[in-house]
Amino acid sequence: QVQLVDSGGGLVQSGGSLRLSCAASRRTFNTYGMGWFRQAPGKEREFVAAVTRSGDTTFYADSAKGRFTISRDTAKNTVYLQMNSLKPEDTAVYYCAASTLVSHPMGRHPSSYDYWGQGTQVTVSS
């Protein structure tokens, strides 16, 4: 059983920042690339960012590029999503997920991810 625990969501004003965390076991952390997705009410789950298993390559949705940063902390077996300059349209439940395919063409699709966190709510007010 692989368990991912994501956290760090909350209520912030437009322009504010949040850092989301996703904790995994050492084995999971070293086996999979990691991604962040989000899902707003009435919308499909969408890709936000991903980082390869080695940490050498990152990927971002256009909506996240320049504002969000994904990173890995090997010592803590944790993946982070630093979100700056938040906008109301960033409001969603954010999920971390694990995949062996983050560098593949389908690495931005939810079906490529094998394990998921429970989700953490991010709400950005105007």
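Residues numbered from 1 in each chain as written. Predicted model: local features only at pLDDT ≥ 70, side-chain atom pairs only at ≥ 80, totals over all residues. Heavy atoms only, no water.

Peer 1: Which residues make up the packing of aromatic side chains, and what are the values?
Peer 2: Counted by the stated rule, this structure contains six aromatic pairs. Relative to Trp116, the ring of Phe37 lies with its centre 5.1 Å away and its plane at 55 degrees, an arrangement referred to as tilted. Here Phe37 is found in strand β4 (residues 33-39), whereas its partner Trp116 is found in strand β10 (residues 115-116), with 79 residues between them in sequence. What makes Phe37 buried here is its relative accessible area of 0%. When the ring of Tyr113 is compared with that of Trp116, the centres are 6.0 Å apart and the planes differ by 55 degrees; the resulting orientation is tilted. Residue classification places Tyr113 among the buried residues on the basis of a relative accessible area of 5%. In this structure Trp116 comes out as partly exposed when scored by relative accessible area, which is 26%. (Phe/Tyr/Trp six-rings, centres within 6.5 Å; stacked < 30°, edge-to-face > 60°. Helix = DSSP H or I, 4+ residues; strand = E, 2+ residues; numbered from the N terminus. Buried < 20%, exposed > 50% of the residue type's maximum accessible area, 1.4 Å probe, protein only.)

Peer 1: Give a detailed account of the pattern of salt bridges, specifying residues and quantitative values.
Peer 2: Oppositely charged side chains can form a pair if their charged atoms are brought close together. Considering all chains together, one arrives at three salt bridges under this definition. The closest approach of N and O atoms between Arg38 and Asp90, which form a salt bridge, is 2.9 Å. Of this pair, Arg38 sits in strand β4 while Asp90 is found in the loop between β8 (78-83) and β9 (92-99), placing the two residues 52 residues apart along the sequence. On the basis of relative accessible area, Arg38 is assigned to the buried category, the value being 6%. A salt bridge links Arg67 to Asp90, with the nearest nitrogen and oxygen atoms 2.7 Å apart. You can see Arg67 sitting in the loop between β6 (58-60) and β7 (68-73) and its partner Asp90 sitting in the loop between β8 and β9, a full 23 residues away along the chain. Just as Arg67 is buried, Asp90 falls in that class too. A single network of salt bridges, built from pairs that share partners, joins Arg38, Glu46, Arg67 and Asp90. (Salt bridge = Lys/Arg side-chain N within 4 Å of Asp/Glu carboxyl O.)

Peer 1: Which residues make up the sheet that holds β8, and what are the values?
Peer 2: Read from one edge to the other, the open sheet built from four strands follows the order β1-β3-β8-β7, with strand pairing classed as antiparallel. Each edge of the open sheet is held by one strand with a lone partner, namely β1 (5-7) and β7. Each adjacent strand pair in this sheet contributes to an overall mean axis angle of 15 degrees, direction not counted. By the bridge criterion, six bridges tie β7 to β8 in an arrangement that is antiparallel. Looking at β8, one finds that Phe68 is bridged to Met83. (Pairing = 2+ DSSP bridges. Axes fitted to C-alpha atoms, helices over the stretch in contact; angles between N-to-C directions.)

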